[in-house]
Amino acid sequence: MARIAFAWELGGELGHGMACAALARALRARGHECAFAFRDLNKLDALDLGDAPVYQGPVSPHEGQGVGVPVCWADLLLGCGYGAADALQGLVAGWIEVLRACRADLLVADYAPTALLAARILGVMRVDYGNGFAIPPRLAPVPPFRMDARIEPAQLAQREAHALASVNAVLSRWKVPALRALHEQLEVNESFLCTFPELDHYGGRPRTAYWGPRYSIDKGDDIAWPYGEGPRVLVYLRASDPRIDTVIDLLVQHRCRVAAYIPGLDAERRARLQSAQRRVSERPMRLAPLLGECDLFLDHGGDVAGAGLMHGVPQLLFPAQYEQFLTAVRIEQLGAGVGLARPDPGGEVRAAFGRMLADRARHRAAAQAYRQRYASFSSAEQERRIVARIEQLVQEKTA
Amino acid sequence: MGRFLVAWEYGEGLGHVRRILPIGRALRERGHGVAFAFRDATRLGAASAEGFAAWAAPKVPRRTSFNPTPVSASDVLLNLGFDDVAAMRGALRGWSTLLACVAPDVVVCDYAPGALLAAAQRGVRRATVGSGFALPLATSPLPAIRHAAGDDEPSRRILDARLVEAASRACGAANPVDVHSLFRGEVNLLATLPELDPFGPRDEAYLGPIGVETGGLEAAWASTARPRVLAYLKPRDARFAGVLDALRGVAGEALVAAPGMSPDAARAASDARVRVFPSALALPPLLDGVDLAVGHGGPGFSLAALLAGTPLVLLPMQLEQEMVAVRLARQGLAVLGGMDGTREAMQSALGDAGLRERARQFARDHAPGRYRDAAGEAAARLEALAP
């Protein structure tokens, strides 16, 4: 039996918490003890963490302040406390406290670079667990992820040097050898890079093991497709999306059969959308059976987009941030969907929606081709292998 | 010997850390175990460097839409997200984990309502320390914090009830919450003076300031030019550039502490008479013989200036500063600056002999050195709660 600590440090989507919770359930079923340190504790109710200890993950309250639009990995770090060694020292001290309290044998880092630093300092075994955006390629420099903004090589090098200087200043206070390059911070005993090359946010990287996309679609309320004629459209969007009214109008106008989960939807909009043909769930839906018979999937491009592809379903994507935008670009490149530039509440959505419905056979063929390529992939098997690898690592250490 | 968890959950800037670190040190000197939980995890290094256990305080995300003019302390907490029951339940779970790890006998809360609530649930003894803002008078309903529309008694009663309902739901129905338990402990320490207490003067003991004169870059006056003006400003304040212009027009020499500014920008904003520093400044040597202090109304800087007999021009940016500034202006110890007119406020303050004399009288009333061991006194009061 091992003690496993989960850290989710960056990234605002609940997907991180859900993925950690699912993996922890599998580990707990095997007799391991789990603890969690999450950046957000406000949706724990949705996560089923059992009675495990839950810590506040140390994060900067000034995230993103005083820095421009991030273009590269170093920018992300500089905006999250890495701009000054003293601030980073504080964050690392907080993570060290958590890891010590958990007496962790192994850290699972879900987009948690500072937790990885703390584990390095304490000599705790560590793995990372996330998609291509959260686990950048181990290259010097880490290639910029932004497609629409250029960065000069000298600038890129300067920003990496800035973040690296903070990291090394902290490591030297703990008498730990300095890193030669920023990406060395991401060294782990195993990297559970949960995506496939076609969906990799960085577009390509040196020889790497891809563990396949991670998603959790087997939990939630069972909603059946309404009877009738119209195309079956699965909607998994947040009410705060500026295009939500247009989406509701389009679903009504095109006489779609709808299964929708739209967190934050107000009563007026719910009433406008809901009908015998259009089901609007109050709680998260079990997506697996719905995806099996779906003509079009509307989502933001989070982890669930990978599930859409693995079911061969065409997607219309509404990215809410840049990571999701990159996912949308990848799906568009596959021909399996269309990503909307953000945030255009008007005509673009109408045009794209009409095009997607008219042309869904072609998009479906592309999505199905992707599905065929990875026909042997299974989420359950992915989870089993990750658990087995974690157990192997812990055993190797104790042996 | 006792174990203490000292928690800071709300409020910005350096003031909270500067206040609670000396208290932690004093407790440790008396043989107690001390751990800290900070709202701003980037400041944890200050505690861990001294060998204290240093934790990130569980947080409730701020509401995206909030009332810009809250009328009572309950309204402020609701604004800060305490009406989100799921979020509060999550934060309480975080506090509960932390309390289980640290196993304190006493939780000392510097504006830490979540910690107060979690400690009450677990039967841990509770104390508060602060500048008074986070400790509203224990009236029912809680008192109005500014005299504005909607701060009548029935409205405030409704706000208290909303806060109590949300907190009770987050705790589970078995634990009904009393509104005062979100703000008060068994011992409540006012680390300020009655003249600056946003709810003062009140019939409670004032320990005097803790840690307001510590830290910061050492600077010195470069000339004998008068008047000398010392300013402590947030560069993100929209008035910042205008204040620098006003200083150029009014001051013989001015020093400006602007923590958070980039060194390059501070250099660019400086000239021979007005020097801008991108960090806090060590105040005691500079305050000796200064003619005017300009700040936002944070209790730390305001106290340091007044204890040196220096009158203030205040440009509040947030609620606590506004309450302190209004109180000081009413007592004739400060002049309020508006959105514009900082220059006029400075000129009027510099030309006001009564203002200067009242500031000097304040300093005489609170003789130097009188509060030197406020942290030790706080520790002694807190220690009484430990087994």
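Residues numbered from 1 in each chain as written. Chains lettered and ligands numbered in written order. Predicted model: local features only at pLDDT ≥ 70, side-chain atom pairs only at ≥ 80, totals over all residues.

Caption draft 1: Local environment of the overall build of chain B. Scanning chain B from terminus to terminus reveals 14 helices and 12 strands. With the C-alpha coordinates aligned to their principal axes, the bounding extent of chain B is approximately 65 × 50 × 40 Å. Buried positions account for 53% of the 387 residues belonging to chain B. Taking as baseline every contact in chain B between residues at least 6 positions apart, the subset at least 24 positions apart corresponds to 65%. (Helix = DSSP H or I, 4+ residues; strand = E, 2+ residues; numbered from the N terminus. Buried ≥ 20, exposed ≤ 12 C-beta atoms within 10 Å, placed from the backbone. Contact = placed C-beta atoms within 7 Å.)

Caption draft 2: Representation of the interface of chain B and chain A. Residue-level contacts link 27 residues of chain B with 25 residues of chain A. Elements with a minimum of two residues in the side of chain B that touches chain A: α2 (45-48), β3 (53-56) and α4 (85-102) of chain B. Per element, the largest residue contribution to the side of chain B that touches chain A is 9 residues, and it comes from α4 of chain B. Residues that form the side of chain B that touches chain A fall into these classes: 14 nonpolar, 6 polar and 7 charged. (Nonpolar A, V, L, I, M, F, W, Y, C, P; charged D, E, K, R; others polar.)

Caption draft 3: Focus on the confidence of the model for chain B. Scored by pLDDT, chain B has a mean of 93; 98% of the residues are at 70 or more. Per the prediction output, this complex has pTM 0.94; the corresponding ipTM is 0.93. (pLDDT = per-residue confidence, 0-100.)

Caption draft 4: Quick look at the sheet that holds strand β4 (residues 106-110) of chain A. Residue and element names in this part refer to chain A. Judged by pairing direction, the sheet is parallel, and its 6 strands sit side by side in the order β3-β2-β1-β4-β5-β6 without closing on themselves. Of all the strands in the sheet, just β3 (54-56) and β6 (190-193) have a single pairing partner and so form its edges. Between one strand axis and the next, the sheet turns through 20° on average, direction left out of account. Examined bridge by bridge, strand β1 (residues 3-8) and β4 share 5 bridges and lie parallel to one another. (Pairing = 2+ DSSP bridges. Axes fitted to C-alpha atoms, helices over the stretch in contact; angles between N-to-C directions.)

Caption draft 5: Helix α10 (residues 322-334) of chain A, seen in detail. All names here are of chain A. Here α10 spans 19 Å end to end across 13 residues, near enough to the 18 Å set by a 1.5 Å rise per residue. Here α10 has its buried residues at E323, Q324, F325, L326, T327, A328, R330 and I331. Each element contacted by the buried residues of α10 is listed here: α9 (303-310), β11 (315-317) and β12 (337-339). (Expected span 1.5 Å × (residues − 1).)

Caption draft 6: A look at the packing of helix α6 (residues 244-253) of chain A against helix α11 (residues 347-358) of chain A. Residues and elements named next belong to chain A. Running from N to C, α6 and α11 cross one another at 35°; their axes reach a closest spacing of 10 Å. Relative to α11, α6 is oriented so that their crossing is right-handed. Residues T246, V247 and L250 of α6 form the contact with α11, whose participating residues are V349, R350 and F353. In terms of residue class, the contact of α6 with α11 is built from 4 nonpolar, 1 polar and 1 charged. (Left-handed = near helix turned anticlockwise from the far one by under 90°.)

Caption draft 7: The environment of A352 of chain A, seen in detail. Take A352 of chain A: it is sitting in helix α11. If we skip the residues at most four places from it in the chain, A352 of chain A touches L316, V338 and L340 of chain A.

Caption draft 8: Fine view of helix α3 (residues 73-82) of chain B. Residue and element names in this part refer to chain B. Counting buried residues along α3, 9 of its 10 residues qualify, which places the element largely inside the surrounding structure. Looking only at α3, the buried set comprises A73, S74, D75, V76, L77, L78, L80, G81 and F82. Packed against the buried residues of α3 are α4, α5 (113-122) and α6 (153-171).

Caption draft 9: Quick peek at the nonpolar core. Core analysis: the largest hydrophobic core is formed by 269 residues, its most contacted members being L99, L107 and L298 of chain A together with A7 and A378 of chain B. Ranked by residues supplied to this core, first place goes to helix α3 (residues 85-102) of chain A with 11 residues. Not counting chain neighbours up to four residues away, the residues in contact with A378 of chain B comprise I23, A26, V129, L189, A191, L207 and I210 of chain B. (Core = buried A, V, L, I, M, F, W, Y, C linked by C-beta atoms within 7 Å.)

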